[in-house]
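Here are the chains, one letter per residue:
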Amino acid sequence: MKHAVWTLSLALLTSTSTLATEAKLPAPITALQQQGFELKGEFKGPGNLPGYVMQFQGQGTTVFLTPDKQHAIMGNLVDATGKNLSDAQVEKWVYAPMAKEMWQKLEKNHWIAAGKADAPQIVYAFADPYCPYCTQFWQNAQPWLSSGKVQLRVLMVGMLRPDSGQKAAAIMMAEDPAKTLAEYENSKGKLALKIPAAIKPEITKALEDNLALMDELGGTATPSIYYLNKDGRLQQHQGLPDEETMKTIMGGDK
């Protein structure tokens, strides 16, 4: 199962440009804001062309102001060679901050770790106890975990069956969640879990938070996998990766 991979930068950003919040904004920009567009940044294009970066429903775009300041053109600006000059600005003002925020949310949510804590590559995966593709992904990841090159952080969710949440809670509430998760996945889901009579409120909340974060990140299937590539850009892959994609996710060879 393959889906498109999207890319977001996590580079730290510095800029002398400022948002045009202190001065009165041009009428076309204000009109776009009233339509739901959010102003994220302002920059100067070629020939001091006033440019703005705006975001709508998670998508970024550039907007350029005409000399009369009464009209605006929305879309990409290209140079004489066809190079897209808008991409860098949208990346800087929309996708990079968004990606940084998403990675921080992944770090703060409830996950179960497998592999060394000081591994150079961190991989997050949302998994349901009934997901066979999650089990296969777990097994395929073992060589990288064993070599110390990757730490896999599994965020349990309950979405595939009515009792998925109970099984996920059983793993999360175990005396040793990491060991229980490993035994469960290594048994290919056949291990009899000790289903709790009552799920602790904090575990219920953790499961809800994980599912909400998965949805926020655009995950629609398990496993939903998130990692940083060599350029520090956040990547997403949904479903079971093929062999070549697995190497990319894990940061290289086993």
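Just so we're clear, the structure is a prediction, and the values are computed from it rather than from any experiment.

Caption draft 1: Highlighting the packing of aromatic side chains. All chains considered together, the criterion is met by five aromatic pairs. Seen in terms of ring centroids, phenylalanine 37 and phenylalanine 56 are 4.8 Å apart; in terms of plane orientation they differ by 25 degrees. Their pairing is stacked. Residue phenylalanine 37 is found in the loop between helix 1 (27–34) and strand 2 (38–45), and its partner phenylalanine 56 is found in strand 3 (residues 49–56); the two are separated by 19 residues along the sequence. Judged by relative accessible area, phenylalanine 56 falls into the partly exposed class, the value being 31%. An angle of 85 degrees between the planes, with centres 6.0 Å apart, marks the rings of phenylalanine 126 and tyrosine 226 as edge-to-face. Of this pair, phenylalanine 126 sits in strand 7 (residues 121–127) while tyrosine 226 sits in strand 9 (residues 224–228), and the two are 100 residues apart along the sequence. You can call phenylalanine 126 buried: its relative accessible area is 0%. Accessibility expressed as a relative area gives 0% for tyrosine 226, which makes it buried. Ring pairing ties together the aromatic residues Trp103, Trp111 and Tyr124, which thus form one cluster.

Caption draft 2: Local environment of the domain arrangement of the protein chain. Looking at the protein chain, the domain boundaries give domain 1 (28–85) and domain 2 (106–250). The C-alpha-based centres of domain 1 and domain 2 are spaced at 40 Å.

Caption draft 3: Seen up close, the packing of helix 4 (residues 164–172) against helix 5 (residues 177–186). Here helix 4 crosses helix 5 at 130 degrees, and the two axes come no closer than 7 Å. Considering their axes alone, helix 4 and helix 5 lie oblique with respect to each other. Listed contacts from helix 5 to Lys167, Ile171 and Met172 of helix 4 are Pro177, Thr180, Leu181 and Tyr184. Among the residues making up the contact of helix 4 with helix 5, the classes are represented as five nonpolar, one polar and one charged.

The rules behind the values
Residues numbered from 1 in each chain as written. Predicted model: local features only at pLDDT ≥ 70, side-chain atom pairs only at ≥ 80, totals over all residues. Heavy atoms only, no water. Phe/Tyr/Trp six-rings, centres within 6.5 Å; stacked < 30°, edge-to-face > 60°. Helix = DSSP H or I, 4+ residues; strand = E, 2+ residues; numbered from the N terminus. Buried < 20%, exposed > 50% of the residue type's maximum accessible area, 1.4 Å probe, protein only. Domains from an automatic or database assignment. Axes fitted to C-alpha atoms, helices over the stretch in contact; angles between N-to-C directions. Parallel < 35°, antiparallel > 145°, perpendicular 65-115°, else oblique. Contact = heavy atoms within 4.5 Å. Nonpolar A, V, L, I, M, F, W, Y, C, P; charged D, E, K, R; others polar.

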